[in-house]
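Tertiary structure, described
Next come the chains, spelled out residue by residue.
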Amino acid sequence: QVQLVESGGGLVQAGGSLTLSCAASGRTFSSPTMGWFRQAPGKEREFVVAISWSGSRTDYADSVKGRFTISRENAENTVYLRMNSLKPEDTAVYYCAAGWGISPRVVDYDYWGQGTQVTVSS
């Protein structure tokens, strides 16, 4: 089992920045790929970005390329999402996920955190 806990969400003005953190515990070796998804009210859960265990491979959704940056510190079992130039349409609950291979599909991830709210005001 892998446990994931997100933190760092909050309220920010458009154009501002936030950094989200995801702390992992348990059998993390079995789910080396980490990703971030987001879900706005009434919307499907949407892929944001994923990163391999080594950090050598990343995959960003087109909507966040150039604005968001994923990184990980394996010694801390922590993944980060730096969000810059935030827009009101970025408002959502952001979820950390763990799986095997890099994928934009929700079904390819085995473990999920409970989410952290990000609200971007105009």
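Residues numbered from 1 in each chain as written. Predicted model: local features only at pLDDT ≥ 70, side-chain atom pairs only at ≥ 80, totals over all residues. Heavy atoms only, no water.

Another point: the packing of aromatic side chains. Applying the stated criterion across every chain, the model contains 4 aromatic pairs. Through pairs of rings, three or more aromatic residues link up here, namely Phe37, Phe47, Tyr109 and Trp112. The lysine or arginine in question, arginine 45, covers the ring of tyrosine 95, its NZ or CZ lying 3.8 Å from the ring centre. Over the face of the ring belonging to tryptophan 112 we find arginine 45, whose NZ or CZ atom lies 4.9 Å from the ring centre. (Phe/Tyr/Trp six-rings, centres within 6.5 Å; stacked < 30°, edge-to-face > 60°. Lys NZ or Arg CZ within 6 Å of the ring centre and 35° of its normal.)

Take the nonpolar core next. Side chains of nonpolar character tend, in soluble globular proteins, to be buried together. Formed by 33 residues in total, the largest nonpolar core has its most connected members in Leu4, Trp36, Leu81, Met83 and Tyr94. What methionine 83 contacts, discounting residues up to four positions off in sequence, is Gly16, Ser17, Leu18, Leu20, Arg67, Phe68, Tyr94 and Val118. (Core = buried A, V, L, I, M, F, W, Y, C linked by side-chain atoms within 4.5 Å. Buried < 20%, exposed > 50% of the residue type's maximum accessible area, 1.4 Å probe, protein only. Contact = heavy atoms within 4.5 Å.)

In this section: the environment of serine 25. As for its placement among the helices and strands, serine 25 is situated in strand 3 (residues 18–26). Distance in space between the C-alpha atoms of serine 25 and asparagine 77 is 7.0 Å, their sequence separation being 52 residues. Excluding its chain neighbours within four sequence positions, the residues that come into contact with serine 25 are Gln1, Val2 and Gln3. (Helix = DSSP H or I, 4+ residues; strand = E, 2+ residues; numbered from the N terminus.)

The sheet built from 4 strands is open, its strands ordered 1-3-8-7 with antiparallel pairing. What marks the edges here is a single partner per strand, and that holds for strand 1 (2–7) and strand 7 (68–73). Recorded for the sheet is a direction-independent mean angle of 15 degrees between the axes of neighbouring strands. (Pairing = 2+ DSSP bridges. Axes fitted to C-alpha atoms, helices over the stretch in contact; angles between N-to-C directions.)

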